[in-house]
Amino acid sequence: MTAMDETGTTAGPAPDANGTLMPVPAFDPADPGPPCAYARLRTEQPVVKALMPNGETGWLISRHEDVRAAFADPRLTRPLLSAWPPREDADAPPPCLPTFLEMTGEHHTRVRRAVSPLFTRRRLEFMAPRIRAMAEELIDTMVRGSGDRTGDLVAAFTEPLPLRVLCETVGLPHEDRDLYLPHTLTLLSAAGLPMEEILAALYALQDYASGLIDRKEKEGPEDGGDYVSLLLAESRREGGDLTRDDVVSFVVTMLMAGYKTNIQHTANALLALLTHPEQMRRLRDEPEGIDTAVEELLRHVPLMNAINVLVALEDFTLHGQRIRAGDAVLPVIASANRDPDAFPDPDRLDLTRSPNAHTAFGYGPHYCTGAHLTRLQLSVALRVLLEKLPDLELAEPAESLPWDESTPLRAPARLPVRW
């Protein structure tokens, strides 16, 4: 039996005494983890209809088994960000190009077949020395600029590193960051914004990506280096799997998935280590355990706390709740990764945890293409920090840290440390 069970239907979730739906659980103050309310939902209401921040309703799915099944279920599809919620008015703007997460069917299969080889572990080995060099340069600069052996890891390290890695891997000009980053940040905050702002940011990113491709085409034959150039060459190959629009979508997808999420997750992962000094010391003394530790940090610290929206293509029943075609279904990755049925003592950070079947990168056909690049970046960052700053510790109490709440993930705005 799969988690998408077809038996035991009921009339659906009951509203509260006032006839209103429960809101999507709110975040806990100064905590990047999933809201505590999901622990109760996993036990009492694993499928419950909730009110989203934009006023739409959707079925929250909170258990690990159900979340994995939802991502792999062909009865659920990802809607276009630019076309959901659906608009009925005649002047609704045309939808934007689909990102990789929104592609479906043969289109998704074809594009993934072309892009996935660029993100395998073996293919990304060439980036490890470059990421290490970037990380070392950033740490050395922070140390040189400090007169009292203190610094802010967010400003000096976790903010600049992901963008540099993204630019070098994908082929984005670092000097263009003021053109594309504001639109990227708008899209990551999309849950509380009017659709007009979301569409404007998507169109702007598409325009930027198209202009970047124009520039690369004028530069002449690709040298085999950055990924945009490689994919552009594939789009021009007779019988190739990609179109020019697919390369545009690749640039937009990488900006949305590979920038701010990595900044915030790296900062949260470092905070988790700094507030568990005994585990950080063990990792420093046994660096061969870093890859296992990275998996636990991906599980314990959400890579994203955003709402994943799927749309039902047909009616079905899950845990007694009747989900109708057209309903939004919201699998909550952060909750799934704290499910005690999947992870013993799930709220405890255990850097030796194995096996670790977390869902940080999703599951099924849309499993994150860039997962290995994210793993590699975090692994190298930890190795460099532990080697260069073995006595690293927080310089202020964790409870006094300011928080960046500009996106659903949330992360410390500063990470003051001494070494």
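A quick note: this is a predicted structure, and the numbers were derived from the prediction, not measured.

Some thoughts on the overall build of the chain
Reasoning step 1: Tallying secondary structure elements over the chain gives 16 helices and 13 strands in all.
Reasoning step 2: Taking 419 residues into account, the globule formula puts the C-alpha radius of gyration at 22 Å, and the chain, at 22 Å, falls close to it.
Reasoning step 3: When the backbone C-alpha atoms are referred to their principal axes, the chain occupies close to 65 × 55 × 35 Å.
Reasoning step 4: The buried share of the chain, taken over its 419 residues, is 51%.
Reasoning step 5: Sequence separation of at least 24 residues holds for 71% of the intrachain contacts in the chain that already meet a minimum separation of 6.

Details of the nonpolar core
Reasoning step 1: Core analysis: the biggest nonpolar cluster contains 94 residues, and Leu153, Phe157, Leu172, Tyr180, Phe250, Leu297 and Leu415 have the highest contact counts within it.
Reasoning step 2: Apart from the residues lying within four places of it in its own chain, the contact partners of Leu153 are Ile139, Met142, Thr158, Leu270, Leu385, Leu392, Leu415 and Val417.
Reasoning step 3: Core analysis: the next-biggest nonpolar cluster, separate from the first, contains 15 residues, Val67, Leu76, Leu310 and Val329 among them.

Considerations on empty space enclosed by the protein
Reasoning step 1: Here the structure, examined in full by the defined rule, presents 3 cavities of 30 Å³ or more.
Reasoning step 2: Considering only enclosed or pocket space, the largest cavity measures out at about 60 Å³ in volume.
Reasoning step 3: If you go around the largest cavity, the residues you meet are Leu270, Leu273, Leu274, Met280, Leu382, Leu385, Leu386, Leu389 and Leu392.
Reasoning step 4: Only α12 (260-274) and α16 (371-388) provide two or more residues apiece to the lining of the largest cavity.
Reasoning step 5: Taken together, the residues of the lining of the largest cavity sort by class into 9 nonpolar, no polar and no charged.

With respect to the sheet that holds strand β5 (residues 150-152)
Reasoning step 1: Pairing is antiparallel in the open sheet, where 3 strands are placed in the order β5-β13-β10. The outermost strands of the open sheet, each flanked by one partner alone, are β5 and β10 (393-394).
Reasoning step 2: Bridge count for β5 against strand β13 (residues 416-418) is 3 bridges, and the pairing is antiparallel. Following the sheet pairing, Gly151 is matched in β13 by Val417.

Overview of the pairing of strand β3 (residues 57-61)
Look at any regular strand and the pattern is simple: side chains alternate between the two faces of the sheet.
Reasoning step 1: By the criterion of burial, β3 is predominantly enclosed, with 4 of the 5 residues buried.
Reasoning step 2: Inspection of the sheet shows strand β2 (residues 47-51) paired to β3 by 5 bridges, in the antiparallel sense. Note on β3: the bridge partner recorded for Leu51 is Thr57.
Reasoning step 3: Between β2 and β3, which follow one another and run antiparallel, lie 5 residues, and Gly55 among them has a positive phi close to 95°.
Reasoning step 4: Two elements, β3 and strand β9 (residues 328-331), share 3 bridges in a ladder whose sense is parallel. Its bridge partner being in β9, Ile61 is matched across the sheet by Pro331.

Observations concerning the confidence of the model for the chain
Reasoning step 1: This prediction gives the chain a mean pLDDT of 89; 90% of its residues lie at or above 70.
Reasoning step 2: Segment residues 1-19 is flagged for pLDDT under 50; beyond a separation of four residues in sequence, or across chains, it makes 36 contacts in the model.

Side note on helix α14 (residues 290-300)
Reasoning step 1: In terms of burial, α14 is a largely internal element, 9 of the 11 residues being buried.
Reasoning step 2: Listing the buried residues of α14 in full gives Ile290, Ala293, Val294, Glu295, Glu296, Leu297, Leu298, Arg299 and His300.
Reasoning step 3: The secondary structure elements touched by the buried residues of α14 are α12, α13 (277-285) and α16.

With respect to the sheet that holds strand β6 (residues 310-312)
Reasoning step 1: Taken in spatial order, the 6 strands of this open sheet run β1-β2-β3-β9-β6-β4, and their pairing is mixed. The open sheet has two free edges, formed respectively by β1 (22-23) and β4 (76-77), since each of these has just one partner strand.

Comments concerning the pattern of salt bridges
Reasoning step 1: Tallied over the full model, the rule gives 28 salt bridges.
Reasoning step 2: In this structure, Asp285 and Arg284 form a salt bridge, with 3.2 Å as the shortest nitrogen-oxygen distance.
Reasoning step 3: For Arg284, a relative accessible area of 27% translates into the label partly exposed.
Reasoning step 4: As a salt-bridge pair, Glu296 and Arg299 come within 2.9 Å of each other at their nearest N and O atoms. Of this pair, Glu296 and Arg299 both sit in helix α14, 3 residues apart, which is roughly one turn of that helix. In terms of burial, Glu296 and Arg299 fall into one category: buried.
Reasoning step 5: Through salt bridges with shared partners, a single ionic network connects Glu106, Arg110 and Asp246.

A word on the packing of aromatic side chains
Reasoning step 1: The final tally for this structure, using the stated rule, is 5 aromatic pairs.
Reasoning step 2: Taken together, a centroid distance of 5.1 Å and an interplanar angle of 85° make the contact between Phe119 and Tyr227 edge-to-face. Taken as a pair, Phe119 in the loop between α3 (105-115) and α4 (121-124) and Tyr227 in helix α10 (residues 227-236) lie far apart in primary sequence, 108 residues in all. Across the pair, Tyr227 and Phe119 agree in class, each one buried.
Reasoning step 3: Arranged with centres 6.3 Å apart and planes meeting at 50°, the rings of Phe119 and Phe250 form a pair that is tilted. Taken together, the residues Phe119 in the loop between α3 and α4 and Phe250 in helix α11 (residues 244-258) connect sequence positions 131 residues apart.
Reasoning step 4: The class of Phe250 is buried, set by a relative accessible area of 1%.

The rules behind these values
- Residue positions are given per chain, counting from 1 as you read along its sequence in written order.
- With the structure being a predicted model, the display of local features is reserved for residues of pLDDT at least 70 and the display and counting of side-chain atom pairs for 80 or more, all residues being used for whole-chain, interface and lining totals.
- The side-chain figures draw on all heavy atoms in the structure; neither hydrogens nor water molecules are used.
- Helical segments are the DSSP runs of H or I of at least four residues, strand segments are the runs of E of at least two, and each set is numbered from the N terminus.
- Note that the radius of gyration is over C-alpha atoms, with the globule rule given as 2.2 Å times the number of residues to the power 0.38.
- Each residue is assigned to one of three classes by its accessible area relative to the maximum for its type, calculated with a 1.4 Å probe on protein chains only: buried under 20%, partly exposed between the two thresholds, exposed over 50%.
- Here a residue-residue contact requires only that any non-hydrogen atoms of the pair lie within 4.5 Å.
- Definition used in this section: a nonpolar core is a set of buried Ala, Val, Leu, Ile, Met, Phe, Trp, Tyr and Cys residues joined via side-chain atoms within 4.5 Å.
- The way it works is a 1 Å grid over only the protein atoms, where trapped points that fit a 1.4 Å probe form a cavity and open points with protein on both sides within 12 Å along at least five of seven lines form a pocket, and then any residue with an atom within 4 Å of a point lines it.
- Grid points are joined across faces, edges and corners, and a volume is the space filled by probe spheres set on the points.
- Gly falls in the polar group here, along with every residue not listed as nonpolar (Ala, Val, Leu, Ile, Met, Phe, Trp, Tyr, Cys, Pro) or charged (Asp, Glu, Lys, Arg).
- What makes two strands pair is DSSP finding at least two bridges between them.
- Confidence of the predictor at the level of single residues is given by pLDDT, which spans 0 to 100.
- Every case where a carboxyl oxygen of Asp or Glu lies within 4 Å of a side-chain nitrogen of Lys or Arg is listed as a salt bridge.
- Two aromatic rings from Phe, Tyr or Trp, using only the six-membered ring of Trp, form a pair when their centres are within 6.5 Å; if the ring planes differ by under 30 degrees the pair is stacked, by over 60 it is edge-to-face, and anything between is tilted.

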